[in-house]
Amino acid sequence: MIMRSIGVILLTLFLLIGISEGGEEDIYKIIILGNVKVEEAVIRGAIKSQEGRAFSLEKVREDLRSIFNLGLFTDAQVDIKSTPQGKEVIFVVVEKPSLKEILITGNEKVKLDDIKEKITLTTRSILNLEKVKESSEQIRRLYFSKGYYGVKVEHKVNYLETNEAVVTFAISEGPKGHIQKIIFKGNRHIKSSDLKKVMMTKQRNIFSIITKTGTLDEDILKNDLQLLNAYYMDHGFIEAKISEPKLDLSNPKKIRIEIEILEGPLYHVGTIDFKGDLLTTKEDLFRTLKMKRNDVYSNTAIRKDVNALTEKFANQGYAYVEINPETTVDNKELFVHITYDIEKKKQVSFEKIQIVGNSKTRDKVIRRELRVAEGELYSASGMNKSRDRLKRTGYFKEVELTTSRGSTEDKMNLDVKVEEAPTGAISFGIGYSTLESVVGSASISDRNLFGYGYHGVLKFSLGAETQNFKMSFTDPYFLGYPVSAGIDLYHERVELFDTYSYKITGGTLHFGKELAEKIRLDLTYKLENINVYDVKDTASTYIKEQEGRKTTSAIALSPSIDTRDDYFSPKKGGRHSLFIQNAGGILGGDNYFVKATGETSWFFPLPLNTTLNLRAKAGMITPYGGKTLPIYEKFFVGGIQTVRGFEYGKAGPIDENKEPVGSKYMTAFNAEWIFPLAREIGLRGALFFDVGKGFDKLSDKDHLILDYDTKKKLFRIRSEPGKGLWPLKFGAGPGIRWFSPFGPIHIDIGFNLSPKKGEKRNVIEFTAGTIY
């Protein structure tokens with residue numbers, strides 16, 4: 001019986017082959033049978049045979065394999081029939097079970113929605129066991145990224161009689177843990193601490209609550225291996241090998257990561273040469289390079305040199321120059337020889353410059369900041385300077401310069417794409433002090449008024465004892481020339497002191513000129529009328545001498561340098577300025593004095609997207625011509641701009657009535673570490689430390705002393721003066737920086753680290769606003 005069946009099958013195959021070889025027939029019809037949930041179009045999409053075309057048994061076999069490889073069927077067969085009209089090809093499929101339901105059990109610490117995002121299966125789809133395994137692994141990875149290193153994820157498939165299936169993921173979460181230690185083995189030349197700084201994966205530390213470090217993400221750890229390898233390459237170990245990390249999960253609460261390293265020998269730079277289109281002497285090209293012979297070999301240094309050479313050629317119009325560093329390794333002498341192969345390509349110039357994305361800002365406002373122009377040769381440095389200048393205006397969130405081919409090979413078009421920032425602001429602020437419980441302020445301003453780049457401000461503040469008003473207008477390109485001009489008008493009434501009050505009404509004219517790319521000079525003339533009134537009998541002699549009306553006529557010169565990389569949230573660079581002012585003399589008026597201040601602010605990028613800002617300020621003022629120094633021109637140190645943790649003026653001299661009277665000299669230093677709290681909403685935190693003082697004498701040394709308060713169980717920093725004339729003031733505390741949907745919010749809580757009698761222990765500063 002079996003032999004008869006085999007004979008029938010062989011005869012059938014022989015006949016089919018004979019028919020296919022004996023004469024070509026067309027396919028009359030292709031029929032799909034057995035599919036219930038899989039769309040017929042999906043199956044036909046896998047079939048190459050077509051109705052009306054010549055029949056091919058080999059092609060039909062390929063079609064059968066393609067259908068089965070869809071992964072949707074447990075079985076697929078083909079039946080071929082001959083009809084008067086041609087061949088009838090019938091594909092019969094048996095579908096895999098469809099997925100009726102996905103169940104997740106055991107999850108308590110991780111949200112169900114977060115788990116579902118990791119599952120690639122969908123109900124009513126055909127069951128795919130590979131996707132079941134994949135989803136199980138993704139769930140495990142999710143738990144790992146959240147610190148559950150003892151997690152176990154098991155999957156189970158229950159088949160129903162209705163050709164359906166239910167998949168269950170059973171999760172055993174285990175305890176939450178952290179990375180206790182990262183261990184390196186084999187690193188003889190590079191310290192483990194240096195290698196840890198390279199990695200994004202970190203051990204748990206005291207800042208982990210804020211920085212969210214100390215948890216393991218396997219994808220990040222995999223990328224860390226590449227970072228470590230690149231680090232070794234940058235330090236001359238070109239044969240270094242980094243092994244796969246070993247995870248010690250024996251204690252899921254405190255896991256350990258071990259990474260073994262085979263460093264290999266240290267390589268140095270051998271000969272350096274150039275070939276190809278040099279355009280200049282080799283000596284000139286050598287001056288462009290930072291890497292020299294016998295330096296430790298570094299891939300990053302080579303990339304920087306390639307970029308420097310590329311920019312050198314691109315600044316001469318060779319926008320498409322290609323520079324390929326060819327290296328030869330001398331394993332015996334441990335040298336890497338480098339030859340830079342230069343192909344300059346065609347010299348190109350700018351054909352069209354188009355501005356894109358500016359709905360408010362006028363084209364001419366953008367074009368005047370560009371350092372490239374139509375018809376000029378391409379310049380890489382000109383492009384970079386243009387981008388930096390546009391970002392420093394503060395008009396734009398994003399600035400992107402892209403190029404495209406022009407009408408010919410030697411022409412190039414430039415698109416300046418900008419995303420405008422909200423330059424108008426309606427803001428309000430609230431300040432707290434013991435002198436005045438609450439001071440409210442409000443202002444309306446626009447740094448890009450009417451889209452012409454004008455800067456306009458209308459501001460007033462109102463408190464129980466203070467009323468201020470200011471109106472300001474500045475044109476950065478006065479009459480179309482690269483010179484800024486502006487005018488300020490203001491009125492200030494201050495009644496917050498117990499023994500006197502004063503009013504100031506005046507205005508300024510100011511002009512500015514950019515001397516170099518990041519250097520400018522400003523000139524200001526000020527004319528003020530001041531009235532010190534309501535002086536009490538209990539006031540000090542100095543304050544009584546200030547009573548009455550006086551006029552100040554002053555001129556000031558202020559050079560400044562700005563190298564910050566971003567207007568809104570700089571990460572690197574700095575801003576530095578000097579302010580020199582003379583009042584009286586040939587300018588007239590009642591007040592005669594010379595005033596000078598210097599300010600510097602530096603930004604340093606730190607790991608984990610944090611920034612360190614160091615600021616310093618110093619100033620002096622001295623009268624001349626036998627005149628008395630006006631109290632309202634002196635330095636009042638204390639508050640958000642100088643030393644936080646102190647009320648306005650209270651970090652300087654005070655009289656017998658505990659009234660701040662300002663100082664002739666001042667100094668302040670601020671250190672602020674800014675870190676992200678919630679990147680998705682732009683919320684940042686800050687920790688600051690301030691030290692400074694307003695004082696009237698330069699002499700007398702003071703001593704910083706760290707002592708321990710046994711009663712309160714805390715350390716104190718205090719300044720002990722040699723003769724009691726210049727004790728420094730210290731403040732520190734946390735802050736919040738948030739560019740919210742309602743505008744910028746700035747909160748600082750300053751603590752006086754060594755409060756004296758009559759001084760507050762802390763001062764809160766809060767400002768908020770809205771933008772338009």
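**Focus: the packing of aromatic side chains**
Part 1 of the reasoning: Under the criterion given, the structure shown has 16 aromatic pairs.
Part 2 of the reasoning: With centroids separated by 5.4 Å and ring planes inclined at 55°, the aromatic side chains of Y592 and Y624 adopt a geometry described as tilted. In this pair, Y592 is assigned in the loop between β25 (573-583) and β26 (593-606) and Y624 in the loop between β27 (610-623) and β28 (665-678), connecting sequence segments 32 residues apart.
Part 3 of the reasoning: Look at Y624 and you get partly exposed, because its relative accessible area is 27%.
Part 4 of the reasoning: Ring pairs connect the aromatic residues F274, F286 and Y340, which therefore count as one cluster.
Part 5 of the reasoning: Taking the ring centre of Y533 as reference, the NZ or CZ of K503 above it sits at 5.5 Å.
Part 6 of the reasoning: The ring of F688 is capped by R644, whose NZ or CZ atom sits 3.9 Å from the centre of that ring.

**Notes on helix α10 (residues 299-314)**
Part 1 of the reasoning: Over its 16 residues, α10 runs 22 Å from end to end, which matches the ideal 22 Å to within 8%, given 1.5 Å per residue.
Part 2 of the reasoning: If you check the start of α10, you find a side-chain oxygen 3.4 Å away from the backbone N of T300, and it comes from S298.

**Topic: the environment of E108**
Part 1 of the reasoning: Checked against the element boundaries, E108 lands in the loop between β4 (98-105) and α4 (112-118).
Part 2 of the reasoning: Along the sequence, E108 and S172 sit 64 residues apart, while their C-alpha atoms lie 9.5 Å from each other.

**Section: the nonpolar core**
Part 1 of the reasoning: Among the nonpolar cores identified, the biggest contains 39 residues, and I115 and I259 are the most heavily contacted of them.
Part 2 of the reasoning: Among the elements that take part in this core, helix α5 (residues 129-145) stands out by supplying 5 residues, more than any other.
Part 3 of the reasoning: Beyond its immediate chain neighbours, meaning those up to four positions away, I115 contacts I104, N107, V110, I139, L142, Y143 and I171.
Part 4 of the reasoning: Within the second largest apolar cluster, 21 residues are counted, among which are A314, V372, A380 and L401.

**Structural notes on the pairing of strand β24 (residues 548-562)**
Part 1 of the reasoning: With 14 bridges connecting them, strand β23 (residues 519-533) and β24 associate as antiparallel partners. Looking at β24, one finds that N531 is bridged to R549.
Part 2 of the reasoning: Pairing of β24 with β25 involves 7 bridges; the strand directions are antiparallel. Looking at β25, one finds that A554 is bridged to A583.

**Quick look at the environment of E311**
Part 1 of the reasoning: Mapping E311 onto the fold places it in helix α10.
Part 2 of the reasoning: E311 sits in the partly exposed class, given a relative accessible area of 33%.
Part 3 of the reasoning: In the structure, E311 is positioned 68 residues away from S379 in sequence and 8.1 Å away in space, judged by C-alpha atoms.
Part 4 of the reasoning: The residues contacting E311, other than those within four sequence positions of it, are A380, S381 and N384.

**Things to note about the pairing of strand β29 (residues 683-695)**
Strand residues, when the strand is regular, have side chains that alternate between the two faces of the sheet.
Part 1 of the reasoning: Taken across its 13 residues, β29 has 10 buried, putting it largely inside the fold.
Part 2 of the reasoning: Summarising the sheet, β28 and β29 pair through 13 bridges and their orientation is antiparallel. Bridge pairing links P676 to R684 in β29.

**Thoughts on a positive patch on the surface**
Part 1 of the reasoning: A cluster of basic residues, K109, K111, K118, K146, K176, R204 and K212, forms a positive patch at the surface.
Part 2 of the reasoning: Structurally, K109 can be placed in the loop between β4 and α4.

**A few points about the sheet that holds strand β6 (residues 164-172)**
Part 1 of the reasoning: Pairing is mixed in the open sheet, where 3 strands are placed in the order β4-β6-β5. Bordering the open sheet on either side are β4 and β5 (152-159), each of which pairs with just one other strand. Strand-to-strand twist across the sheet, computed as the mean angle between neighbouring axes with direction ignored, equals 15°.
Part 2 of the reasoning: As defined by bridge partners, β4 adjoins β6 across 7 bridges and the pair is classed as parallel. Across the sheet, E101 pairs through a bridge with V166, a residue of β6.
Part 3 of the reasoning: Here α5 sits on the sheet in contact with β5 and β6, set at roughly 155° to β5.

**Let's talk about unusual backbone geometry**
Part 1 of the reasoning: One non-glycine residue, L279, lies in positive phi territory at about 65°.
Part 2 of the reasoning: Among the secondary structure elements, L279 is positioned in the loop between β11 (268-276) and α9 (282-288).
Part 3 of the reasoning: One non-glycine residue with positive phi stands out, namely F450, at about 60°.
Part 4 of the reasoning: With respect to the helices, strands and loops of the structure, F450 is situated in the loop between β18 (438-449) and β19 (454-463).

**Overview of the confidence of the model for the protein**
Part 1 of the reasoning: Averaged over every residue, the pLDDT of the protein is 86; residues scoring 70 or more account for 88%.
Part 2 of the reasoning: Every residue in residues 702-708 scores below 50 in pLDDT, and together they form 28 contacts with partners more than four places removed in sequence or on other chains.
Part 3 of the reasoning: Segment residues 720-725 is flagged for pLDDT under 50; beyond a separation of four residues in sequence, or across chains, it makes 12 contacts in the model.

**Some thoughts on the sheet that holds strand β3 (residues 86-95)**
Part 1 of the reasoning: Pairing in this open sheet of 3 strands is mixed, and the strands run β1-β3-β2 from one edge to the other. Both outer strands of the open sheet, β1 (27-33) and β2 (73-83), are each paired with one neighbouring strand and no more. Each strand axis lies, on average, 15° off the axis of its neighbour in the sheet, ignoring direction.
Part 2 of the reasoning: Inspection of the sheet shows β2 paired to β3 by 10 bridges, in the antiparallel sense. The residue of β3 that forms the bridge with A76 is V93.
Part 3 of the reasoning: The strands touched by helix α3 (residues 57-68) are β2 and β3; relative to β2, the strand with the most contacts, the crossing angle is about 155°.

**Describing the pattern of salt bridges**
Opposite charge on two side chains allows them to pair when their charged atoms are near.
Part 1 of the reasoning: Taken as a whole, this structure holds 35 salt bridges when the rule is applied.
Part 2 of the reasoning: A salt bridge links E25 to K87; the nearest nitrogen and oxygen atoms lie 3.8 Å apart. Here E25, found in the loop between α1 (2-22) and β1, pairs with K87, found in strand β3; they are 62 residues apart in sequence, far enough to count as distant.
Part 3 of the reasoning: The class for K87 is buried, based on a relative accessible area of 2%.

**Quick notes on the layout of surface pockets**
Part 1 of the reasoning: Roughly 620 Å³ of internal volume is contained in the second largest pocket.
Part 2 of the reasoning: Along the walls of the second largest pocket sit 21 residues, with S145, K212, T213, G214 and T215 positioned nearest its centre.
Part 3 of the reasoning: The leading source of residues in the lining of the second largest pocket is helix α7 (residues 208-211), at 3 residues.
Part 4 of the reasoning: Looking at the lining of the second largest pocket residue by residue, the class counts come to 4 nonpolar, 9 polar and 8 charged.

Thresholds, definitions, all that
- Residues numbered from 1 in each chain as written.
- Predicted model: local features only at pLDDT ≥ 70, side-chain atom pairs only at ≥ 80, totals over all residues.
- Heavy atoms only, no water.
- Phe/Tyr/Trp six-rings, centres within 6.5 Å; stacked < 30°, edge-to-face > 60°.
- Helix = DSSP H or I, 4+ residues; strand = E, 2+ residues; numbered from the N terminus.
- Buried < 20%, exposed > 50% of the residue type's maximum accessible area, 1.4 Å probe, protein only.
- Lys NZ or Arg CZ within 6 Å of the ring centre and 35° of its normal.
- Expected span 1.5 Å × (residues − 1).
- Polar contact = N/O pair within 3.5 Å; in protein donor to acceptor, adjacent residues only side chain to side chain.
- Core = buried A, V, L, I, M, F, W, Y, C linked by side-chain atoms within 4.5 Å.
- Contact = heavy atoms within 4.5 Å.
- Pairing = 2+ DSSP bridges.
- Patch = residues over 30% accessible without salt bridge, like charges linked within 9 Å, V, L, I, M, F, W, Y side chains within 5 Å.
- Areas by Shrake-Rupley, 256 points an atom, 1.4 Å probe, with all protein chains shown as cover.
- Salt bridge = Lys/Arg side-chain N within 4 Å of Asp/Glu carboxyl O.
- Lys, Arg positive; Asp, Glu negative; His and termini not counted.
- Charge placed at Lys NZ, Arg CZ, Asp CG, Glu CD.
- Axes fitted to C-alpha atoms, helices over the stretch in contact; angles between N-to-C directions.
- pLDDT = per-residue confidence, 0-100.
- 1 Å grid on protein atoms, 1.4 Å probe; cavity = no way out; pocket = protein on both sides within 12 Å on 5 of 7 lines; lining within 4 Å.
- Points joined across faces, edges and corners; volume = space filled by probe spheres on them.
- Nonpolar A, V, L, I, M, F, W, Y, C, P; charged D, E, K, R; others polar.

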